[in-house]
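One letter stands for each residue in the lines below.
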Amino acid sequence: MKAPECLTLRPLRADDVATIATFADERAGEFGPGDLASELTRPIGRCFGADLDGRCVGYAVIWVIEEQADVINLVVDPRWRRRGVGRALFEYALGALRVDGVSRCTLEVRAGNVAAIELYRKLGFATAQRRANYYSDPPEDALVMHLALAR
Ligand SMILES: CC(C)(COP(=O)(O)OP(=O)(O)OC[C@H]1O[C@@H](n2cnc3c(N)ncnc32)[C@H](O)[C@@H]1OP(=O)(O)O)[C@@H](O)C(=O)NCCC(=O)NCCS
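Just so it is clear, the structure is predicted and the values come from calculations on it, not from any experiment.

Colleague: Just give me the short version of the pairing of strand 6 (residues 126–135), but keep the residues and values in it.
Modeller: Of all the ten residues making up strand 6, zero are buried; the element is thus mostly uncovered. The pairing of strand 6 with strand 7 (residues 140–148) spans six bridges and is antiparallel. Across the sheet, the residue bridging to arginine 130 is leucine 143, located in strand 7. Joining the antiparallel neighbours strand 6 and strand 7 is a turn of four residues, in which aspartate 137 adopts a positive phi near 55 degrees.

Have a look at this one:
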C-alpha cells in the first residue's frame, strides 16, 4: 500500500520518545524511553521518524560503522500498520544512508516475523543465513538479511 500523503519522514527527535512509549511493546524488543534516549546520543546511531498529523507513528534505529549499516529496530504504531508507513520510513532511512556513503545494510529478524520479512524482501533484502535459536523468550531462529546499497 502507498503511504498516506500527509506522512512526514525526518530524523527522530528527543520529543518523540514519550509518544513512542505509548505504542512500543518493550516485551517484544521494541524500544522504551530509556533505550531510545540513549540511541539518540549514540555516535554510530542514525534514528529516523515518521509523522502523521504531527504525531510520531514509527521509528527506525540503525547503527552505522563506516560503510556498514545494521538495522537495530524498526517499529510502526500498531494502529497505523499495513498502510505503507514502515516501507516509506525504511526507504527514507536507506536513502539517507546511501547519501552518507553506506554500501551495505544488514539486519536480523525473527524467522516467524512474516510482516517484517516481507517488507525487507520488497526492498531487496536477501536472506544470507539462518541462526538457530538466536532469540529467547520465546526461542526462535533468526534470519540474517543483507542489502547492497547502490551509489
Ligand atoms: C514490520 C513493520 C515495521 C511493518 O510496518 P508497516 O507500516 O505495517 O508496513 P507497510 O504497510 O509499509 O508494508 C509494506 C509491505 O510489507 C509487507 N507486510 C507488512 N505487514 C505485513 C503483514 N502483517 N503480513 C504480511 N506482509 C506484511 C507487505 O508486503 C507490505 O506491502 P503491501 O501492504 O503492499 O502488501 C510493522 O509490522 C511493525 O512495527 N512490526 C512490529 C515490530 C517489528 O517486528 N519490527 C521488525 C523487526 S525489528
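Colleague: Provide a residue-level description of the site of the ligand, including the pertinent values.
Modeller: Lining the immediate environment of the ligand, one finds 21 residues, of which Arg81, Gly86, Arg87, Ala115 and Leu119 sit closest. Within the residue set of the shell around the ligand, elements represented by two or more residues are strand 4 (68–76), helix 3 (85–99) and helix 4 (114–122). Looking at which element gives the most residues to the shell around the ligand, the answer is helix 4, with six residues. In terms of residue class, the shell around the ligand is built from ten nonpolar, four polar and seven charged.

Colleague: Describe the sheet that holds strand 6, with residues and values.
Modeller: The sheet built from seven strands is open, its strands ordered 1-2-3-4-5-7-6 with mixed pairing. Each end of this open sheet is capped by a strand with a single partner; those strands are strand 1 (7–11) and strand 6. Ignoring which end each strand starts from, the neighbouring axes of this sheet average 25 degrees apart. Here helix 3 sits on the sheet in contact with strand 1, strand 2 (45–52), strand 3 (55–65), strand 4 and strand 5 (104–110), set at roughly 35 degrees to strand 3.

Colleague: Residues and numbers for the nonpolar core, please.
Modeller: Ranked by size, the top nonpolar core spans 38 residues in total, and within it Phe48, Tyr59, Ala60, Leu89 and Ala93 carry the most contacts. The biggest single contributor to this core is helix 3, with seven residues. Once residues within four sequence positions are removed from consideration, leucine 89 is found in contact with Leu9, Phe48, Ala50, Gly58 and Ala60.

Colleague: Before we move on, can you summarise unusual backbone geometry with the specific residues and values?
Modeller: With an omega dihedral of 0 degrees, the bond running from aspartate 137 to proline 138 counts as a cis peptide bond. Of note, proline 138 is situated in the loop between strand 6 and strand 7. One non-glycine residue with positive phi stands out, namely arginine 82, at about 65 degrees. Checked against the element boundaries, arginine 82 lands in the loop between strand 4 and helix 3. Its identity as a non-glycine residue notwithstanding, asparagine 133 has a phi of 50 degrees, on the positive side. Within the secondary structure layout, asparagine 133 lies in strand 6.

Colleague: Just give me the short version of helix 3, but keep the residues and values in it.
Modeller: Spanning 15 residues, helix 3 covers 21 Å between terminal C-alpha atoms, matching the ideal 21 Å at 1.5 Å per step. Listed as buried for helix 3 are Val85, Gly86, Ala88, Leu89, Phe90, Ala93, Leu94 and Leu97. Where the residues of helix 3 are buried, they touch strand 1, strand 2, strand 3, strand 4, strand 5 and helix 4. Trailing helix 3 by a residue or two, glycine 101 shows a phi angle of about 90 degrees, which is positive.

Criteria and cut-off values
- Residues numbered from 1 in each chain as written.
- Predicted model: local features only at pLDDT ≥ 70, side-chain atom pairs only at ≥ 80, totals over all residues.
- Buried ≥ 20, exposed ≤ 12 C-beta atoms within 10 Å, placed from the backbone.
- Helix = DSSP H or I, 4+ residues; strand = E, 2+ residues; numbered from the N terminus.
- Pairing = 2+ DSSP bridges.
- Near = placed C-beta within 6 Å.
- Nonpolar A, V, L, I, M, F, W, Y, C, P; charged D, E, K, R; others polar.
- Axes fitted to C-alpha atoms, helices over the stretch in contact; angles between N-to-C directions.
- Contact = placed C-beta atoms within 7 Å.
- Core = buried A, V, L, I, M, F, W, Y, C linked by C-beta atoms within 7 Å.
- Expected span 1.5 Å × (residues − 1).

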